Amino acid sequence: MTSVKSGSKQDTRIGAKPAVNGAHKAAIRQENEEQILAAAEQVFADYGFKGATTARIAEIANVPKANVHYYFSTKEALYRRIMEDVCDHWLEAAMTFDNSADPAVILRGYIEAKMDLSRARPYGSRLWAHEIIRGAKFSSDYISTTVKNWLDSRVVVIRGWIDEGKMDDIEPYSLMYMIFATTQHYADFGRQIEIFNNDKPLSEEQFAEAKENVVKIILKGVGLN
C-alpha cells in the first residue's frame, strides 16, 4: 500500500508538470511577441515597410533575430499583424456608440478615446498614415471589409440622430473623416506640435485642454452642446 500511495503522489506531480510548463511557455511566448510587436511598430513607422529590417526590429526588441522569424514567418505577416491591431484598437474606441443614446455623450467619448490612443501609441498611428499615403498596399482588403463595414454601421447611427432631430443635418462620412484626421493629428504631426509648443511635448494638462477643445469644436459644429 505504501508503494501505491508513493506512486500515486509521484504520478500526480508528474501530471501537474506539463500544465505548469505549458503556462510558463505561454507567458514567455506572449512576452516575446509583445516585445517584437512594439519594436516592429516603431521600426515600421520610422523606416516604412521596405526600409525596415528584421535585424533592426530584433535589436530594438532586444531579442535574437531568429526569434522574430520564429514568431512571425515573414516581415509582411508581422507588418499586417501590427496594422490590424492598431486599427482594431481604434474601432474598439467607438464602443461608446453602443453605450448611450445621447449623440453628445457618444461623440465625446469616441473623440477622447481616439486622442488618448494617439498619445499612447503614436508609432501605430504614424504607421497607419504611411500605409495609406503609400496606397494601402497591405491593408486595402482589411479596410474594404472590416473597417468599411464598421464605418457604414456608425454612419447609419448618425443618420438616425439626424432624422430624429438630435443634431444638424450634416454628411456623416465627413464628420467621421474629420474625427479621424483631428484625433490622429496629435500623433502623426506630433513633432510639429512640439515645435509650436516651444520644442516640448504637450504636458498632461495641455493635452487634456486640447481634447476638450477638439470635442467642443466638433460637437458645436454639428449642433450639439
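Small disclaimer: the values here were computed from a predicted structure and weren't measured. (Residues numbered from 1 in each chain as written. Predicted model: local features only at pLDDT ≥ 70, side-chain atom pairs only at ≥ 80, totals over all residues. Heavy atoms only, no water.)

A. Quick peek at the packing of helix H5 (residues 103–120) against helix H10 (residues 204–221). In the contact formed by H5 and H10, the axes pass within 10 Å of each other and the chain directions differ by 140°. Seen along the crossing, H5 lies across H10 with a hand that is right-handed. On the side of H5, the interface is formed by Ala104, Leu107, Arg108, Ile111, Glu112, Met115, Asp116 and Arg119, while H10 contributes Glu204, Phe207, Ala210, Lys211, Glu212, Val214, Val215, Ile218 and Leu219. Among the residues forming the contact of H5 with H10, the class breakdown is 10 nonpolar, no polar and 7 charged. (Axes fitted to C-alpha atoms, helices over the stretch in contact; angles between N-to-C directions. Helix = DSSP H or I, 4+ residues; strand = E, 2+ residues; numbered from the N terminus. Left-handed = near helix turned anticlockwise from the far one by under 90°. Contact = heavy atoms within 4.5 Å. Nonpolar A, V, L, I, M, F, W, Y, C, P; charged D, E, K, R; others polar.)

B. The arrangement of the packing of aromatic side chains in detail. This model, assessed by the stated rule, comprises 14 aromatic pairs. Between tryptophan 150 and phenylalanine 180 the ring centres are 6.3 Å apart and the planes differ by 25°, which places this aromatic pair in the stacked class. In this pair, tryptophan 150 is assigned in helix H7 (residues 140–163) and phenylalanine 180 in helix H8 (residues 172–188), connecting sequence segments 30 residues apart. An aromatic cluster is present here, built from Phe97, Tyr110, Trp150, Trp161, Tyr173, Tyr177 and Phe180 joined pairwise through their rings. One residue, lysine 75, lies across the ring of phenylalanine 49, its end atom 4.6 Å from the ring centre. (Phe/Tyr/Trp six-rings, centres within 6.5 Å; stacked < 30°, edge-to-face > 60°. Lys NZ or Arg CZ within 6 Å of the ring centre and 35° of its normal.)

C. Molecular detail of the pattern of salt bridges. Per the counting criterion, the structure on display carries 15 salt bridges. Where glutamate 41 meets arginine 121, a salt bridge forms, and the shortest distance between an N and an O atom there is 2.8 Å. With glutamate 41 in helix H1 (residues 2–51) and arginine 121 in the loop between H5 and helix H6 (122–133), the pair connects residues that are 80 residues apart, well separated along the chain. Each member of the salt-bridge network shares a partner with another, and the members are Glu41, Asp85 and Arg121. (Salt bridge = Lys/Arg side-chain N within 4 Å of Asp/Glu carboxyl O.)

D. Examining the domain arrangement of the protein more closely. Parsing the protein into structural domains produces domain 1 (23–72) and domain 2 (82–221). Each of domain 1 and domain 2 has a C-alpha centre, and the two are 27 Å apart. Each partner contributes residues to the interface: domain 1 has 9 residues there, and domain 2 has 10 residues. Taken over both partners, the interface formed by domain 1 and domain 2 buries close to 800 Å², and the fraction arising from carbon and sulfur atoms is 70%. For domain 1, the biggest contributors to the area lost against domain 2 are Glu41, Ala45 and Phe49; these three give 59% of the whole. For the interface between domain 1 and domain 2, the tally reads 1 salt bridge. Linking domain 1 to domain 2 there are 3 residue pairs in polar contact (both at pLDDT 80 or more). (Domains from an automatic or database assignment. Buried area = accessible area lost by both parts, 1.4 Å probe. Polar contact = N/O pair within 3.5 Å; in protein donor to acceptor, adjacent residues only side chain to side chain.)

E. Representation of the packing of H7 against H8 within the structure. Across the interface, H7 lies against H8 with an axial gap of 9 Å and an inter-helix angle of 120°. Relative to H8, the element H7 lies oblique. In terms of crossing hand, the pair formed by H7 and H8 is right-handed. Taking contact as the criterion, the partners of Trp150, Leu151, Asp152, Arg154, Val155, Ile158, Arg159 and Ile162 in H7 are, on H8, Pro172, Tyr173, Leu175, Met176, Tyr177 and Phe180. Across the contact of H7 with H8, the residue classes tally to 11 nonpolar, no polar and 3 charged. (Parallel < 35°, antiparallel > 145°, perpendicular 65-115°, else oblique.)

F. Quick look at unusual backbone geometry. At asparagine 62, a position not held by glycine, the phi torsion is positive, near 60°. Counting through the fold element by element, asparagine 62 comes out in the loop between helix H2 (54–61) and helix H3 (65–71). Taking relative accessible area as the criterion, asparagine 62 reaches 68% and is therefore assigned exposed. Residue asparagine 198 is not a glycine yet carries a positive backbone phi of 60°. Here asparagine 198 shows up in the loop between helix H9 (190–196) and H10. (Buried < 20%, exposed > 50% of the residue type's maximum accessible area, 1.4 Å probe, protein only.)

G. Region of the structure containing the nonpolar core. Grouped together as the largest cluster of nonpolar side chains are 58 residues, with contacts concentrated most on Ile36, Phe44, Ile57, Leu78 and Phe97. In terms of residue count, the dominant contributor to this core is helix H4 (residues 75–93) (9 residues). Per-domain counts for this core show at least three residues from each of domain 1 (23–72) and domain 2 (82–221). Residues within four places of phenylalanine 97 in sequence aside, it is in contact with Ile106, Leu107, Tyr110, Arg154, Val157, Ile158, Trp161 and Met176. (Core = buried A, V, L, I, M, F, W, Y, C linked by side-chain atoms within 4.5 Å.)

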